[in-house]
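# Structural overview
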Amino acid sequence: MFVDSDTVNEFKSEDGAIHVIERRCKLDIDAPRLLKKIAGVDYVYFVQKNSLNSRERTLHIEAHNETFSNRVIINEHCCYTGKEIIEYYLRQLEEEGITFVPRWTPPSIAPSSEASSSCKKQAASLAVVVPDAAQAEGLGSEALSSPSGPPEPTAGTPDDKLDADYIKRYLGDLTPLQESCLIRLRQWLQETHKGKIPKDEHILRFLRARDFNIDKAREILCQSLTWRKQHQVDYILETWRPPQVLQDYYAGGWHHHDKDGRPLYVLRLGQMDTKGLVRALGEEALLRYVLSINEEGLRRCEENTEVFGRPISSWTCLVDLEGLNMRHLWRPGVKALLRIIEVVEANYPETLGRLLILRAPRVFPVLWTLVSPFIDDNTRRKFLIYAGNDYQGPGGLLDYIDKEIIPDFLSGECMCEVPEGGLVPKSLYRTAEELENEDLRLWTETIYQSASVFKGAPHEILIQIVDASSVITWDFDVCKGDIVFNIYHSKRSPQPPKKDSLGAHSITSPGGNNVQLIDRVWQLGRDYSMVESPLICREGESVQGSHVTRWPGFYILQWRFHSMPACAATNLPRVDDVLASLQVSSHKCKVMYYTEVIGSEDFRGSMTSLESSHSGFSQLSAATTSSSQSQSSSMISRLDVP
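Residues numbered from 1 in each chain as written. Predicted model: local features only at pLDDT ≥ 70, side-chain atom pairs only at ≥ 80, totals over all residues. Heavy atoms only, no water.

### Details of the overall build of the protein chain
When helices and strands are counted, the protein chain shows 19 helices and 20 strands. Taking the contacts inside the protein chain whose residues are at least 6 apart along the sequence as the reference set, 76% of them involve residues at least 24 apart. Summing over all exposed atoms, the protein chain offers an accessible surface of approximately 32600 Å²; the carbon and sulfur share of this is 51%. (Helix = DSSP H or I, 4+ residues; strand = E, 2+ residues; numbered from the N terminus. Contact = heavy atoms within 4.5 Å. Areas by Shrake-Rupley, 256 points an atom, 1.4 Å probe, with all protein chains shown as cover.)

Now the structure itself:
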């Protein structure tokens, strides 16, 4: 408990900018009297030196112990800048009737002697031991209640623009510490950055993304500013026009605003042909289009801030998954999506206020497991996921969007002008030469393997599953001929004809040559069992699918040559099959395939995170979980490819 203090030394500069005061302070320690007697002290003394620099707007407080200094030395150093003070002392000033502490000004433009005398008197009243921290309010704060209105909110203006009205109008609630972090980071940018200084709202997003850790926020902000300059992102809305195929088939667009005034972006992902868009445009064009959407979102946030008279710094995204299926698991498309997520997360932090995912189908947990590790935890907490028609019930869409603007395709009253998407015509696909540089990288990163399938000699790969409820996913193109795709399960490992192994789980031969694992002496039903119905795949089709495993053991994925079936009445081949066989080799097929195993722990973890996103997701969770207990638990989609 503070008892008393004596001034040991005091210094004031001629211009009044610097005031240093040193005191010897007396404290009464809350300790038993016997302990004090043993220690030989009744009070503890320490020396505190306060250095107020009104020119630099800093307050340094240094303290060291005098008592027991022959045994232990304690040094403490605190530095306050801007309004980085304890709010308690601000309220104390108000209680004392001090509502205005003028900023220090050089003698040449000093205020009148009467005002100066008043300022000194008020400053002197603050010169007490512990409440000296409150002097930080005099380091340039305009007032506890400023008599003038807020200055214009332009980027890169002097520090004194951060008064209470400006903060409330354009930035939202900030603690003194958060405001100080914003001022310090902006000052650093003004001193070191050679380009355009971002607005306070933009700087604040990076600070919030790193919990107001200035060093971390400065690092990612500088990287983002460099990236924006390299890619001319500041001018993308004025200089770049999306290709017509994006305007016609990208099923997304802006649609009014939500109940909080945030701009609302609608994305009908389930209706979008992601593979067709990548094949027609490439990853770079898609990325640039997503960047333009984010830049437009920033512009709309500024507009809505003016319209609603309160700070709006993020937008709401409504994603409709009606129509989503396994074709969205096409691996080059997934990898393009992951890269886009990575770029957006790094350069547009804290811009997503809320993500509403509607009509999530049974396949969604598989896609979520692949994508969610690349989404920031703070962003993930903003997700609300609804299965089926749950969005129409309590806690659904009406809690966040006014009834009058719910899109018509969600049984609302408002006509939504967002494109409906659909399949991109193959005539718009880029040529092999155009695909060579960019898309070749996508394909090679995905590590597709090539396999030949001969009549009487299928191609098979072995996948070992240790834990039940793991998910086997596959993605393959039928390049030549027609094949039959099967999935089998065996409790014991088949012996491959060759012992070459690639990868931790699959056994194949070098170069993607034909491999047959199931021994000819094995009997179906005794040595192995079929876990899925056979799937006939025609030449040119692209097939994506997944299977939630029911048992541990060995799973065999098989591509088998498809022989022409005979007509039941005549025992002769059908005419259509004969004509089709003339166009391909009668003894050889070719497939390009990619497989991946999602471990049961990762899959269950993604299901848990989904369930925590919204209670309405429980129906989807139950449907997906029950599928792992059934014989037919795969989800398959296929699409014709050239």
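Let's pick the thread back up.
### Some words on the confidence of the model for the protein chain
For the protein chain, mean pLDDT is 78; residues scoring 70 or higher make up 75% of the total. Across the protein chain, the secondary-structure element scoring lowest on mean pLDDT is helix α19 (residues 618-627), at 39, and the one scoring highest is strand β7 (residues 263-267), at 97. Low confidence marks residues 110-161, where pLDDT is under 50. Its contacts with residues over four positions away, or in another chain, come to 101 contacts. Between residues 614-633, whose pLDDT stays under 50, and residues either more than four places distant or in other chains, the model counts 49 contacts. (pLDDT = per-residue confidence, 0-100.)

### Comments concerning the pairing of β7
When you tally the buried positions in β7, you get five out of five residues, the bulk of the element. Residues Pro263, Tyr265 and Leu267 of β7 are buried on one face, and the alternating residues Leu264 and Val266, pointing to the opposite face, are buried as well. One ladder, built from four bridges, connects strand β6 (residues 252-257) with β7; its direction is antiparallel. Looking at β7, one finds that tryptophan 254 is bridged to tyrosine 265. Hairpin connection between β6 and β7: a loop of five residues separates the two successive antiparallel strands, and glycine 261 in this loop has a positive phi of roughly 85°. Sheet analysis places β7 next to strand β8 (residues 315-320), joined by four bridges and oriented parallel. Looking across to β8, one finds that tyrosine 265 is bridged to cysteine 317. (Buried < 20%, exposed > 50% of the residue type's maximum accessible area, 1.4 Å probe, protein only. Pairing = 2+ DSSP bridges.)

### What to know about the pairing of strand β3 (residues 44-53)
Most of β3 sits inside the fold, with eight of its ten residues counted as buried. Pairing of β3 with strand β4 (residues 58-65), which is carried by eight bridges, proceeds in the antiparallel orientation. In the sheet register, valine 47 faces β4, and the bridge partner there is histidine 64. Linking two consecutive strands that pair antiparallel, namely β3 and β4, is a turn of four residues; a positive phi of about 60° is found at arginine 57 within it.

### Points about the packing of aromatic side chains
Summed over all chains, the structure comprises 15 aromatic pairs. Judged by centre distance (5.1 Å) and plane angle (45°), the rings of phenylalanine 476 and phenylalanine 485 are tilted. Accessibility classification places phenylalanine 476 together with phenylalanine 485 in one group, the buried group. Ring centres of tyrosine 488 and tyrosine 528 lie 5.2 Å apart, and the angle between their planes is 80°; this geometry places the pair in the edge-to-face category. In this pair, tyrosine 488 is assigned in strand β14 (residues 483-490) and tyrosine 528 in the loop between β14 and β15 (529-530), connecting sequence segments 40 residues apart. (Phe/Tyr/Trp six-rings, centres within 6.5 Å; stacked < 30°, edge-to-face > 60°.)

### Quick look at the sheet that holds strand β10 (residues 383-387)
Strand pairing within a sheet occurs via backbone hydrogen bonds; the two strands may be parallel or antiparallel. Strand order in the open sheet made by the five strands is β6-β7-β8-β9-β10, with mixed pairing throughout. In this open sheet, the two strands that pair with only one neighbour each are β6 and β10. In this sheet, neighbouring strand axes are inclined to one another by 20° on average, regardless of whether the strands run parallel or antiparallel. Each of β6, β7 and β8 touches helix α11 (residues 283-308); the most contacted strand, β6, lies at about 5° to it. (Axes fitted to C-alpha atoms, helices over the stretch in contact; angles between N-to-C directions.)

### Let's talk about the nonpolar core
Ranked by internal contacts, the top residues of the largest apolar core, which has 61 residues, are Tyr250, Leu277, Ile357 and Phe364. At nine residues, the largest contribution of residues to this core is made by α11. Setting aside its immediate chain neighbours within four residues, isoleucine 357 contacts Val319, Leu321, Phe364, Phe383, Leu384, Ile385 and Tyr386. Listed in part, the 23 residues of the second largest apolar core include Ala451, Val478, Ile483 and Tyr555. (Core = buried A, V, L, I, M, F, W, Y, C linked by side-chain atoms within 4.5 Å.)

### As for a nonpolar patch on the surface
Taken together, Phe68, Val72 and Ile74 make up a surface patch of nonpolar side chains, about 250 Å² in accessible area. When you line up the elements, phenylalanine 68 lands in the loop between β4 and β5 (75-81). (Patch = residues over 30% accessible without salt bridge, like charges linked within 9 Å, V, L, I, M, F, W, Y side chains within 5 Å. Salt bridge = Lys/Arg side-chain N within 4 Å of Asp/Glu carboxyl O.)

### Some points on the packing of helix α6 (residues 200-209) against helix α7 (residues 214-230)
Between α6 and α7, whose axes approach to 8 Å, the crossing angle comes to 125°. Regarding the angle of α6 to α7, the classification is oblique. Seen from above, α6 lies across α7 with right-handed handedness. Side by side, α6 and α7 meet where His202, Ile203, Phe206 and Leu207 of the first sit next to Ile214, Ala217, Ile220, Leu221 and Ser224 of the second. Residue classes in the contact of α6 with α7 are distributed as seven nonpolar, two polar and no charged. (Parallel < 35°, antiparallel > 145°, perpendicular 65-115°, else oblique. Left-handed = near helix turned anticlockwise from the far one by under 90°. Nonpolar A, V, L, I, M, F, W, Y, C, P; charged D, E, K, R; others polar.)

### Things to note about the packing of α11 against helix α12 (residues 331-347)
Following both chains from N to C, one finds α11 and α12 inclined at 35°, their axes separated by 10 Å at the closest point. In this structure, α11 crosses over α12, and the sense of that crossing is right-handed. Together, Glu283, Glu284, Leu286, Leu287, Val290, Leu291 and Asn294 of α11 and Ala336, Arg339, Ile340, Val343 and Val344 of α12 make up the contact between the two elements. When the residues that make up the contact of α11 with α12 are grouped by side-chain class, the tally is eight nonpolar, one polar and three charged.

### Some remarks on helix α5 (residues 176-192)
When the terminal C-alpha atoms of α5 are compared, their 24 Å separation across 17 residues agrees well with the 24 Å that a helix rising 1.5 Å per residue should span. Of the residues making up α5, those classed as buried are Pro176, Glu179, Ser180, Cys181, Leu182, Ile183, Leu185, Arg186 and Leu189. (Expected span 1.5 Å × (residues − 1).)

### Quick word on the environment of phenylalanine 485
Structurally, the position occupied by phenylalanine 485 is in strand β14. The class for phenylalanine 485 is buried, based on a relative accessible area of 2%. The spacing of phenylalanine 485 and glutamate 460 is 25 residues in sequence and 9.9 Å in space, taken between C-alpha atoms.

### Quick look at the pattern of salt bridges
Applying the stated criterion across every chain yields a total of 26 salt bridges. Note that aspartate 234 and arginine 228 form a salt bridge whose closest N and O atoms lie 2.7 Å from each other. Classification of arginine 228 by relative accessible area gives buried; the value is 9%. Through salt bridges with shared partners, a single network forms among Asp258, Asp260, Arg262 and Arg354.

### Structural notes on the environment of glutamate 420
Along the chain, the position of glutamate 420 falls in the loop between β10 and α15 (432-435). A relative accessible area of 62% places glutamate 420 in the exposed class. Each C-alpha atom, one on glutamate 420 and one on leucine 267, is 9.7 Å from the other, the two residues being 153 residues apart in sequence. Excluding residues within four positions of it along the chain, glutamate 420 makes contact with Ala251, Arg268 and Gln271.

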